[in-house]
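# Descriptive analysis of the structure
Letter by letter, the chains look like this.
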There are 2 protein chains.
Amino acid sequence: MSERRPLSDRFSRRGLLLGGAAAGIGAAGATVAHRLVGEEPVPANAAPPVHGTRTVAFHGPRQAGVETPPQAHACFVALDLESGVDAEGVGRLLRLLSDDAARLGAGEAPLADTEPELAAVPARLTTTFGFGPGLVERVDPGAVPTWLAPLPEFDHDDLRPEWGQADLLLQVCADDPVTVSHAARMLVKDARAFARVAWTQTGFRRAHGSQPDGTTMRNLMGQVDGSINPRPGTDEFERLVWGSGGPAWLDGGTSLVLRRIATDLDTWDELDRPGREAVIGRRVADGAPLTGGEERDDVDLDATDDSGLPVIPSFAHVRRARTDDPGQRIFRRGYNYDLRDMLDGSGEAGLVFASFQADPVRQFVPIQQRLDELDLLNEWVTAVGSAVFAIPPGCEEGDYVGRSLVEG
Amino acid sequence: MSERRPLSDRFSRRGLLLGGAAAGIGAAGATVAHRLVGEEPVPANAAPPVHGTRTVAFHGPRQAGVETPPQAHACFVALDLESGVDAEGVGRLLRLLSDDAARLGAGEAPLADTEPELAAVPARLTTTFGFGPGLVERVDPGAVPTWLAPLPEFDHDDLRPEWGQADLLLQVCADDPVTVSHAARMLVKDARAFARVAWTQTGFRRAHGSQPDGTTMRNLMGQVDGSINPRPGTDEFERLVWGSGGPAWLDGGTSLVLRRIATDLDTWDELDRPGREAVIGRRVADGAPLTGGEERDDVDLDATDDSGLPVIPSFAHVRRARTDDPGQRIFRRGYNYDLRDMLDGSGEAGLVFASFQADPVRQFVPIQQRLDELDLLNEWVTAVGSAVFAIPPGCEEGDYVGRSLVEG
């Protein structure tokens, strides 16, 4: 070890732990030091922890990328099967992509990867498979869940067919944008003999570690977005997301509603802060209901102000979204998008709305119908893309996602 | 403090430091602990350090965003002045944007920010101003540096005018994509009365902390990219980047060459690994020269293999880029881009090439001429956009970027 290295470098892990132990704090000392760093600004000259090596298991009874705390970056790739691909071809495609996804998630290069070094930073990469009705029909037309169909077109939608339903969705998420770009490209390459890209949508949230873990995201409108999400691990989550809503091959699976929601940020800017809070029914500062409390507290829809008027306006987003039916709830896991690079100058930005739920027709549609009918927010947001996918169960090592469908 | 909190939570910073001091390591102990975390996988249940609070000073003799270690995300916004904007208008625009940029960099909302909460995570945000010839001419046609003009069109270029020269460039970089999106939008909004957006280009590198600090980036072709960059703080860097190459108002400034380089990743994939290494003259695995050594070692252009053939092919990128003229060097600070969201299906990806140098005509052009003439890499990369900007000096608090030009 060179003598020119700074003193602090010459302490080994062992040295620290021993030193800590001598002071009576032992291994906990390292943990405290870590937490300490988490709560203080990182010193400018300190090396930050390397998080690119973190992995999320691909194999298991359920697919990753649903309960997984949302990674910073996402690429949703929608594919349409080539006309000649039959049930056997679907099986081969899914076997190939499952193998790729398992390797990529472990930080290993897929077999055909021509840029293997780019795969070496998994950064919690997950690849989640979603099946459109077209894919299920190729295998077995009788196996299509009743809800696996385009959603009813809502009055306020302005759907563009180019952002519509596809046969296969790959939701690729990681905390590193290079990882996502490379993984999406690898998967598309390997799918190329079977399917063509219908569309892709990239999205982003706050960077890994730029805010404390568990902070609810803000969308580009500046609102806290997703406060009332059910919590993974709770009975409620089990029922709402993983509860069976389809045929047997989907046991252990769920569904994904994916909607591209364009936001008119320019006109939104014209609205003042009280106006924005009235539109949503929540405080901008912390996402708490206008009726008081904290972010995750219930909204008091009956509360009135000094003049006897409702605190939450009749057409506020939270009032319209809410229901007394405990089954009408969804788990949202969306991303912001900002395509100001588009040369047409549209500068479109918005939200890649993504929600998981056992049954989209029973859980998502009634909420959206109420919002579609009357929601102040409709003035600024418009769904321009919409698709629904069945999320099959996960698979164990050596197996592939979708076998319960393909091999019955 | 609740008794249910885990033991490790109950140690305070003070407690740790005192404990460390008792063991004879003192404040260095905290540093060691931090480094330790940096070298080990982050425990799954540990809170990561929050880096969104980190800031880079906006004020100073030189602008930030040049020597600043590259942030993970960038948005380059090119603006053209409205026809009625004169020298005084340019001054007002720059005063306004400097104030915005200083606030945003400090994690504060600009005065007109309608989403102030999005500004609260600076994540090392920098806004770097670049002036095109059009802006300088509005103020003083005699003040335009001789090199501040479109580059000669190289034979291999395929420039699209829509990605061309503009009057004002804002290079917005941060480690958080939401921060970049919001800051770019804020700046564009405040510029709106004076200028319109000509184009924007977003780019990305590895996420903050996903790899150890100082790792040279890989581009989407999988190559280590930028190994021979001069190092900030060295005499060489001072001379090459900050050395005067223009009129007095530019003292303390530099220049930026910005080129959008589209990469044909599909045909690049057809090339095997030895072929890729021959094209560049470096090993893919670690970026070291094919003639041996480590990433930053010199390339031995005279080395021959057992058959007497040069190890570095005649038309290899490193051979063509290299020169014996120590003044023909540039400082690269580019970003990957990946626009697979574009609906036209082009899926264009590549590199937002960005280089800083005192004089682009003397430093950048001869390198590019050699590459243009003969470079194996030309088979896969094509410049489709090109612009040059003067990077004026920085400013102190209360002052604005560009005053040395506007007020002479």
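As the structure is a prediction and not an experimental result, all values here were calculated from the model.

All right, on to the overall build of chain A then. Assigned secondary structure in chain A consists of eleven helices and nine strands. Relative to all contacts within chain A whose residues are 6 or more apart in sequence, the contacts with residues 24 or more apart total 79%. Surface exposure of chain A reaches about 16,300 Å², of which carbon and sulfur atoms provide 50%.

All names here are of chain A. Put simply, helix H3 (residues 87–105) and helix H5 (residues 177–191) touch, their axes get as near as 10 Å, and they point 160° apart. As summarised for this structure, H3 and H5 are arranged roughly antiparallel, according to the angle between their axes. Regarding H3 and H5, the two cross each other, and that crossing is right-handed. Contacts between H3 and H5 involve Leu93, Leu96, Leu97, Asp100, Ala101 and Leu104 from the first element and His182, Ala183, Leu187, Asp190 and Ala191 from the second. A class-by-class count of the residues in the contact of H3 with H5 yields eight nonpolar, one polar and two charged.

The topology assignment puts Gly334(A) in the loop between strand E6 (331–332) and strand E7 (335–338). A sequence separation of 76 residues divides Gly334(A) from Leu258(A), and the C-alpha atoms of the two residues are 8.5 Å apart.

What follows deals with helix H6 (residues 235–242) of chain A. Taken residue by residue, H6(A) has Phe237(A), Leu240(A), Val241(A) and Trp242(A) as its buried positions. The buried residues of H6(A) occupy an angular sector of 155° when projected down its axis, which confines them to one face.

Side chains of a nonpolar character, in soluble globular proteins, are inclined to be buried together. Within the largest apolar cluster, 74 residues are counted, with the highest numbers of intra-cluster contacts made by Phe129(A) and Phe131(A). By residue number, the principal contributor to this core is H3(A), which donates seven residues.

Attention now goes to the side chain of Asp176(B). Counting through the fold element by element, Asp176(B) comes out in the loop between strand E3 (168–174) and helix H5 (177–191). In terms of polar contacts, Asp176(B) uses its side chain to reach the backbone amide nitrogen of Val178(B), at 2.8 Å. Beyond its immediate chain neighbours, meaning those up to four positions away, Asp176(B) contacts Arg205(A), Arg206(A), Ala207(A), Ser210(A), His73(B), Val121(B) and Ala123(B).

The subject of this paragraph is unusual backbone geometry. Even without being glycine, Ala123(A) reaches a positive phi, approximately 50°. Its location among the elements puts Ala123(A) in the loop between H3 and strand E2 (126–131). For Arg124(B), which is not a glycine, the phi torsion comes out positive at approximately 60°.

Moving on to the UniProt feature "domain: Dyp-type peroxidase N-terminal" (unreviewed entry) in chain A. With numbering aligned to this structure, UniProt lists the feature "domain: Dyp-type peroxidase N-terminal" (unreviewed entry) at residues 63–205 of chain A. The span residues 63–205 of chain A carries 29% helix and 22% strand; its end-to-end C-alpha distance comes to 21 Å.

Looking now at the packing of aromatic side chains. Each aromatic ring pair is described using two quantities: the centre-to-centre distance and the angle formed by the ring planes. Across all of its chains, the model carries 14 aromatic pairs over all chains by this definition. The ring of Tyr335(A) has Arg205(A) sitting right over it, with the charged end atom 5.2 Å from the ring centre.

All names here are of chain A. Put simply, chain A has an average pLDDT of 86, and 86% of its residues get 70 or more. Scored below 50 in pLDDT, residues 1–45 shows 67 contacts in the model against residues more than four places distant or in partner chains. Across the whole predicted complex the pTM is 0.87, and at the interface the ipTM reaches 0.86.

Bringing the side chain of Arg276(B) into the picture now. Here Arg276(B) lies in helix H8 (residues 273–280). Looking at Arg276(B), the relative accessible area reads 5%, which means it is buried. Only 2.8 Å separates the side chain of Arg276(B) from the side chain of Glu115(A), close enough to count as a polar contact. Beyond its immediate chain neighbours, meaning those up to four positions away, Arg276(B) contacts Thr114(A), Glu115(A), Met221(B), Trp268(B), Asp269(B), Leu271(B) and Val284(B).

Sheet faces and side chains relate simply in a regular strand, where the side chains alternate between the two faces. All names here are of chain A. With ten of its ten residues buried, strand E5 (residues 254–263) lies for the most part within the structure. Pairing of E5 with strand E8 (residues 349–357) involves nine bridges; the strand directions are antiparallel. For leucine 258, the partnering residue across the bridge sits in E8 and is alanine 354.

As a further point, take helix H3 (residues 87–105) of chain B. Residue and element names in this part refer to chain B. Its 19 residues place the ends of H3 26 Å apart at the C-alpha level, agreeing with the 27 Å of an ideal helix rising 1.5 Å per residue. Buried within H3 are the following residues: Gly89, Val90, Gly91, Leu93, Leu94, Leu97, Ser98, Asp100, Ala101, Ala102, Leu104 and Gly105. On its buried side, H3 packs onto strand E1 (73–81), strand E2 (126–131), helix H4 (133–139), E3, H5 and helix H11 (403–406). Within two residues after H3, glycine 107 carries a phi angle of roughly 80°, on the positive side.

Within the fold, Val352(B) resides in strand E8 (residues 349–357). Note: C-alpha distance between Val352(B) and Glu294(B) (58 residues apart in sequence) is 26 Å.

Scanning the entire structure with this criterion turns up 52 salt bridges over all chains. When the shortest N-O distance is used, the salt bridge between Arg62(B) and Glu238(B) registers 2.7 Å. With Arg62(B) in the loop between helix H2 (26–39) and E1 and Glu238(B) in helix H6 (residues 235–242), this residue pair connects regions lying 176 residues apart in the sequence. Across the pair Arg103(B) and Asp99(B) runs a salt bridge whose closest N-O atoms are separated by 2.9 Å. Here Asp99(B) and Arg103(B) lie together in helix H3, a separation of four residues that amounts to about one turn. Look at Arg103(B) and you get partly exposed, because its relative accessible area is 24%. For Asp99(B), a relative accessible area of 29% corresponds to the partly exposed category. Members of the salt-bridge network, linked through shared partners, are Glu115(A), Arg185(A), Lys189(A), Arg192(A), Asp266(B), Asp269(B) and Arg276(B).

Moving on, we come to a nonpolar patch on the surface. All names here are of chain A. Side chains of Phe315, Leu374 and Leu376 sit close together on the surface and give an oily, nonpolar patch of about 220 Å² of accessible area. Within the secondary structure, phenylalanine 315 is located in the loop between helix H8 (273–280) and helix H9 (317–321). A residue is classified by how much of its surface remains accessible, and phenylalanine 315, at 37% relative accessible area, is partly exposed.

Scoring rules and cut-offs
Residues numbered from 1 in each chain as written. Chains lettered and ligands numbered in written order. Predicted model: local features only at pLDDT ≥ 70, side-chain atom pairs only at ≥ 80, totals over all residues. Heavy atoms only, no water. Helix = DSSP H or I, 4+ residues; strand = E, 2+ residues; numbered from the N terminus. Contact = heavy atoms within 4.5 Å. Areas by Shrake-Rupley, 256 points an atom, 1.4 Å probe, with all protein chains shown as cover. Axes fitted to C-alpha atoms, helices over the stretch in contact; angles between N-to-C directions. Parallel < 35°, antiparallel > 145°, perpendicular 65-115°, else oblique. Left-handed = near helix turned anticlockwise from the far one by under 90°. Nonpolar A, V, L, I, M, F, W, Y, C, P; charged D, E, K, R; others polar. Buried < 20%, exposed > 50% of the residue type's maximum accessible area, 1.4 Å probe, protein only. Arc of directions from axis to C-beta. Core = buried A, V, L, I, M, F, W, Y, C linked by side-chain atoms within 4.5 Å. Polar contact = N/O pair within 3.5 Å; in protein donor to acceptor, adjacent residues only side chain to side chain. UniProt positions renumbered as here; feature names shortened; annotations may be inferred. Phe/Tyr/Trp six-rings, centres within 6.5 Å; stacked < 30°, edge-to-face > 60°. Lys NZ or Arg CZ within 6 Å of the ring centre and 35° of its normal. pLDDT = per-residue confidence, 0-100. Pairing = 2+ DSSP bridges. Expected span 1.5 Å × (residues − 1). Salt bridge = Lys/Arg side-chain N within 4 Å of Asp/Glu carboxyl O. Patch = residues over 30% accessible without salt bridge, like charges linked within 9 Å, V, L, I, M, F, W, Y side chains within 5 Å.

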